[in-house]
Amino acid sequence: KEEEKASCLQKYWQLYLFFMGASSNTVELGDKAMDEKEVLLSTGPSHVTCILVKMSGRYELGAHLAIEKRDQQFLMMKGGFMYAPLFWFHRCLCMFAMARTNKSKERKYMAQAKRIHKELTNSLKNKNPNVLHYVSLLNAEKAALNQKKNQDDDVRKLYNDAISMSARGGYVHDAALAQERFADYLLSSVGDYEEAKYHIEGAIQRYTNWGAMGVVEHLHNKYQDVLAGSSTN
């Protein structure tokens, strides 16, 4: 049991190293803290890896992990496990992100995203205040995919609400994530580069305040043209 506990701590330690920019590998868990292939708990690393790849912009890999058969049992857990909503949230976000970028598989990703979104929404209805900001951002993501003509203002309001809600709750990293996703929407669906740049810079500042320098470096590299004032990304 002591060895299993150490294994659990190692995977989170590894995740923190990635956030801090202290690990050279941005996709796999396997550097200073641990090797994913050697971890005793077979389900744990995939959950942490999903968060990791999402934070480094690898949404397709995150979505793949989310629909792996071995993860389905975990997602069916009700209550008791404090990290379950966190993992639900990151998986759902990967699904919505892929539905936006991969139109040929949009239906597949949306089906999975809606299922997890419903779980989190039900948790909120059952008086779980810790998922309020999660549901808020996922509402914006869903609306961005389902928006019709002249509904852009509604989508923008949902994203701004998600940013404010996360910030007021003290979830600095989630406020940064909301700004990052808002910027992606503005670039890919609206073409508003000026406001997208504003939110990318806001996300970078929040991640910097949170100490996630690995994520900051990723955003600088991904959006260097936008940050430089160019209209190409």
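Residues numbered from 1 in each chain as written. Predicted model: local features only at pLDDT ≥ 70, side-chain atom pairs only at ≥ 80, totals over all residues. Heavy atoms only, no water.

J.: So what's going on with the overall build of the chain? Which residues, and what values?
T.: Check the secondary structure of the chain and you find 12 helices and 0 strands. Helices and strands appear in the chain in the N-to-C order α-α-α-α-α-α-α-α-α-α-α-α. Burial status across the chain gives 47% buried among its 233 residues. Contacts in the chain between residues far apart in sequence, at least 24 positions, make up 58% of those at least 6 positions apart. (Helix = DSSP H or I, 4+ residues; strand = E, 2+ residues; numbered from the N terminus. Buried < 20%, exposed > 50% of the residue type's maximum accessible area, 1.4 Å probe, protein only. Contact = heavy atoms within 4.5 Å.)

J.: Just give me the short version of unusual backbone geometry, but keep the residues and values in it.
T.: Positive phi is not limited to glycine here, since Lys127 has a value of about 75°. Here Lys127 shows up in the loop between helix 6 (106–125) and helix 7 (132–146). Relative accessible area serves as the criterion here: at 73%, Lys127 is assigned to the exposed category.

J.: Explain the pattern of salt bridges residue by residue, including any values.
T.: Going through the model one piece at a time under the given rule, you end up with 9 salt bridges. When the shortest N-O distance is used, the salt bridge between Arg156 and Asp152 registers 2.6 Å. Residue Arg156 and its partner Asp152 are located together in helix 8 (residues 152–168), separated by 4 residues, close to a single helical turn. Like Asp152, Arg156 is buried. The shortest N-O distance in the salt bridge between Asp184 and Arg181 comes to 3.7 Å. (Salt bridge = Lys/Arg side-chain N within 4 Å of Asp/Glu carboxyl O.)

J.: Help me get a handle on helix 7, residues and values and all.
T.: Since the α-helix packs 3.6 residues into each turn, any two residues three or four apart lie on the same face. Between its first and last C-alpha atoms helix 7 spans 21 Å; for 15 residues at 1.5 Å apiece the expected length is 21 Å, and the two agree. Of all the residues in helix 7, the buried ones are His133, Tyr134, Val135, Ser136, Leu137, Leu138, Ala140, Glu141, Ala144 and Leu145. The secondary structure elements touched by the buried residues of helix 7 are helix 5 (84–101), helix 6, helix 8 and helix 9 (172–190). (Expected span 1.5 Å × (residues − 1).)

J.: Describe the packing of helix 9 against helix 10 (residues 193–210), listing the residues and the values that go with them.
T.: Relative placement of two packed helices is described by the angle separating their axes and the distance separating the axes. As a packed pair, helix 9 and helix 10 sit with axes 8 Å apart at the nearest point and diverge in direction by 160°. The orientation of helix 9 with respect to helix 10, classified from their angle, is roughly antiparallel. As for the relative orientation of helix 9 and helix 10, their crossing is left-handed in sense. Mapping the contact onto sequence places Val172, His173, Ala175, Ala176, Leu177, Gln179, Glu180, Phe182, Ala183, Leu186 and Leu187 in helix 9 and Tyr193, Glu195, Ala196, Tyr198, His199, Ile200, Gly202, Ala203, Arg206, Tyr207 and Trp210 in helix 10. (Axes fitted to C-alpha atoms, helices over the stretch in contact; angles between N-to-C directions. Parallel < 35°, antiparallel > 145°, perpendicular 65-115°, else oblique. Left-handed = near helix turned anticlockwise from the far one by under 90°.)

J.: Residues and numbers for the nonpolar core, please.
T.: The biggest cluster of nonpolar side chains holds 48 residues, and the ones touching the most others in it are Phe89, Leu137, Tyr159, Ile200 and Tyr207. Looking at this core, the elements that each hand over two or more residues are helix 5, helix 6, helix 7, helix 8, helix 9, helix 10, helix 11 (213–222) and helix 12 (224–227). With 10 residues, the single largest contributor to this core is helix 5. In contact with Ile200, other than residues within four places in its own chain, are Ala183, Leu187, Tyr223, Val226 and Leu227. (Core = buried A, V, L, I, M, F, W, Y, C linked by side-chain atoms within 4.5 Å.)

Scope: geometric values only; no functional claims are made or implied.
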